[in-house]
Amino acid sequence: SGTSSTNNTYSRTTAKTYMTNHYATGTFNANYPDFTGSGGDCTNFASQVVKAGGMGHLGNFSNRDAITSWFCTSSVMNTNNYSATWTLANKFTQHWGTNSLGSGNKRAYECKYILGQDLYDNFSTLISNIAVGDIIQMTNNADTSRYHSLIVYSKTSSAVTLAAQTNNTNNRSLKTDAQNNPTMMFVIIRIKSAA
């Protein structure tokens, strides 16, 4: 966890507007590479949303593999133009949060690991602090094999919908995902305090 002021300039409104404008095929932002055909575009899109919300780039091509770097400077698909943390789900978590042992760059306000069954059984309590623009990742292992990054698109007291690219959506249900995947680990990365 960070402090209550971690990333207090992050604009959830701007992040949501970006999701609305760019989640669907045909509305992808041409200023960024499209990784749909080469492993998936979900983390690239999550990074775009977080950047649109106001989080700044860090690092450059000389340290692109460091977990302290996070950047994408061109739509050209060349590894000098983007960091590993921008496009790879595991590296994204290491930059913004931590692994399950607490090791990481910890740029976000908080990073939590929750089994699907626990998330479903305690849904109202566990989602009380997440908000639009926070990141949800799905993984078969707490430290490796994250296979999808999604962004909180909307939230009520009983429902959370998620946006993503690759499987393009802005109305995927977090509760249904938790119910259908009880043994899967969900990673919740809160960019800033929800309050």
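Structure's up top.
This one's a predicted model, so the numbers in the text were calculated from it and none came from an experiment. In this convention, every chain numbers its residues from 1, walking through the sequence in written order. pLDDT decides what is reported in this predicted model: residues at 70 or higher carry local features, side-chain atom pairs at 80 or more are listed and counted, and totals for whole chains, interfaces and linings draw on all residues regardless. Side-chain metrics rest on all non-hydrogen atoms present in the structure, leaving aside hydrogens and water.

### Considerations on the sheet that holds strand E1 (residues 110-115)
So, point 1. The strand order across the open sheet formed by six strands is E1-E6-E2-E3-E4-E5, and the pairing between neighbours is antiparallel. Both outer strands of the open sheet, E1 and strand E5 (169-173), are each paired with one neighbouring strand and no more. Ignoring which end each strand starts from, the neighbouring axes of this sheet average 35 degrees apart.
So, point 2. Two strands make a pair as long as DSSP finds a minimum of two bridges between them. Only DSSP runs of H or I covering at least 4 residues are called helices, and only runs of E covering at least 2 are called strands; the numbering of each starts at the N terminus. Pairing of strand E2 (residues 135-139) with strand E3 (residues 146-155) involves five bridges; the strand directions are antiparallel. From the neighbouring strand, Gln137 faces E3, where its bridge partner is Ser149.
So, point 3. Residue contacts are counted whenever heavy atoms from the two residues lie within 4.5 Å of one another. Angles here are taken between N-to-C directions and fall from 0 to 180 degrees, while the axes themselves are lines fitted to C-alpha atoms, restricted in helices to the stretch in contact. Docked against the sheet, helix H1 (residues 12-22) engages E3 and strand E4 (160-164), running at close to 110 degrees with respect to E3.

### A few points about the nonpolar core
So, point 1. As used here, the term nonpolar core means buried Ala, Val, Leu, Ile, Met, Phe, Trp, Tyr and Cys residues forming a set that is joined through side-chain atoms within 4.5 Å. Only protein chains enter the accessibility calculation, which uses a 1.4 Å probe; a residue is then buried when its area is under 20% of its type maximum, exposed when over 50%, and partly exposed in between. With 28 residues, the main nonpolar core has Met19, Val49, Val50, Trp96, Ile135, Ile189 and Ile191 as its most contacted residues.
So, point 2. Among the elements of the structure, H1, helix H2 (42-52), helix H4 (89-96), E3 and strand E6 (185-190) are those that each provide at least two residues to this core.
So, point 3. At four residues, the largest contribution of residues to this core is made by H2.
So, point 4. The residues touching Ile135, leaving out its near neighbours within four places in the chain, are Ala46, Val50, Phe92, Leu150, Ile151, Val187, Ile188, Ile189 and Ile191.
So, point 5. Listed in part, the 17 residues of the second largest apolar core include Ile114, Ile136, Leu150 and Ala178.

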